[in-house]
Amino acid sequence: MMKYSLSLLLLLGLAASCRTLVDNPRAMNGASALRQKSIDEIREADQNFSIMSEKQGMAKAFTTFAADEVIRMNDGAAPTVGFDSLRAQMSRLPNDGSVLTWQILKADAAQSGDLGYTFGQWMLTNKNDKRKPIYGVYVTVWKRQRNGQWRFVIDGGNTTPEPK
């Protein structure tokens, strides 16, 4: 009887631990759902950022979507650190008809749903000029703000040959 009770106790303990393991995938599915929701939101923010850049200009787009603690990597120059520095940099952009747009190739987010990134290709054209567009790649790190909005905290890229 003692042996039977001990076996039953072990079996119940094993069942309880298996139940915990079975319950954990549901928790992981919840975390996966949060992560996927964040990826979708980051993609949307990045697309809206590009649309605003195309329609309202780079200065408006960059200052609208930047976080206060933004760092912008500058090709061949020191990075721009902080929102006020970014706003000053954007105010010095020439109004020469240049249009910056981009396409997301990859987006991902942390399981926590508060940080993520986008990676893609950009193109700089000029409405007033017949020169060939300039192409490049970019990476942008996005952070969910206290109000729930996504703002970029780090942005940078470099030029590349024309995509094939």
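Residues numbered from 1 in each chain as written. Predicted model: local features only at pLDDT ≥ 70, side-chain atom pairs only at ≥ 80, totals over all residues. Heavy atoms only, no water.

S.K.: Residues and numbers for the packing of aromatic side chains, please.
M.R.: In total, this model carries 10 aromatic pairs according to the counting rule given. Ring centres of Phe-49 and Phe-152 lie 5.2 Å apart, and the angle between their planes is 20 degrees; on these two criteria the pair is classed as stacked. You can see Phe-49 sitting in helix 1 (residues 2-56) and its partner Phe-152 sitting in strand 6 (residues 150-160), a full 103 residues away along the chain. Assessed through its relative accessible area of 1%, Phe-49 is described here as buried. Take Phe-152: its relative accessible area is 0%, and that puts it in the buried class. Measuring from centroid to centroid gives 6.4 Å for Phe-65 and Trp-142, while their planes differ by 85 degrees, and the two rings are edge-to-face. Of this pair, Phe-65 sits in helix 2 (residues 58-65) while Trp-142 sits in strand 5 (residues 134-144), placing them 77 residues apart in sequence. Each member of the pair Phe-65 and Trp-142 is classed as buried. An aromatic cluster of at least three residues, connected via ring pairs, comprises Phe-49, Phe-62, Phe-65, Trp-102, Tyr-138, Trp-142 and Phe-152. Between Arg-72 and the ring centre of Phe-62, over which it is positioned, the NZ or CZ distance is 4.8 Å. In this structure, Arg-151 is placed above the aromatic ring of Phe-65, and the distance from its NZ or CZ to the ring centre is 5.6 Å. (Phe/Tyr/Trp six-rings, centres within 6.5 Å; stacked < 30°, edge-to-face > 60°. Helix = DSSP H or I, 4+ residues; strand = E, 2+ residues; numbered from the N terminus. Buried < 20%, exposed > 50% of the residue type's maximum accessible area, 1.4 Å probe, protein only. Lys NZ or Arg CZ within 6 Å of the ring centre and 35° of its normal.)

S.K.: Account for a nonpolar patch on the surface, naming residues and giving values.
M.R.: There is a patch of nonpolar side chains on the surface, built from Leu-105, Phe-119 and Val-139 and spanning about 230 Å² of accessible area. Locating Phe-119 in the fold gives a position in strand 4 (residues 115-126). By relative accessible area, which is 32% here, Phe-119 ends up partly exposed. (Patch = residues over 30% accessible without salt bridge, like charges linked within 9 Å, V, L, I, M, F, W, Y side chains within 5 Å. Areas by Shrake-Rupley, 256 points an atom, 1.4 Å probe, with all protein chains shown as cover. Salt bridge = Lys/Arg side-chain N within 4 Å of Asp/Glu carboxyl O.)

S.K.: How would you summarise the environment of Val-81 if you had to cite specific residues and measurements?
M.R.: Residue position: Val-81 is located in strand 2 (residues 77-81). Classification of Val-81 as exposed rests on a relative accessible area of 52%. The spacing of Val-81 and Val-153 is 72 residues in sequence and 9.7 Å in space, taken between C-alpha atoms. Discounting residues that sit within four places of it in the chain, Val-81 has contacts with Val-70 and Ile-71. (Contact = heavy atoms within 4.5 Å.)

Any functional reading would require information that these geometric values do not contain.
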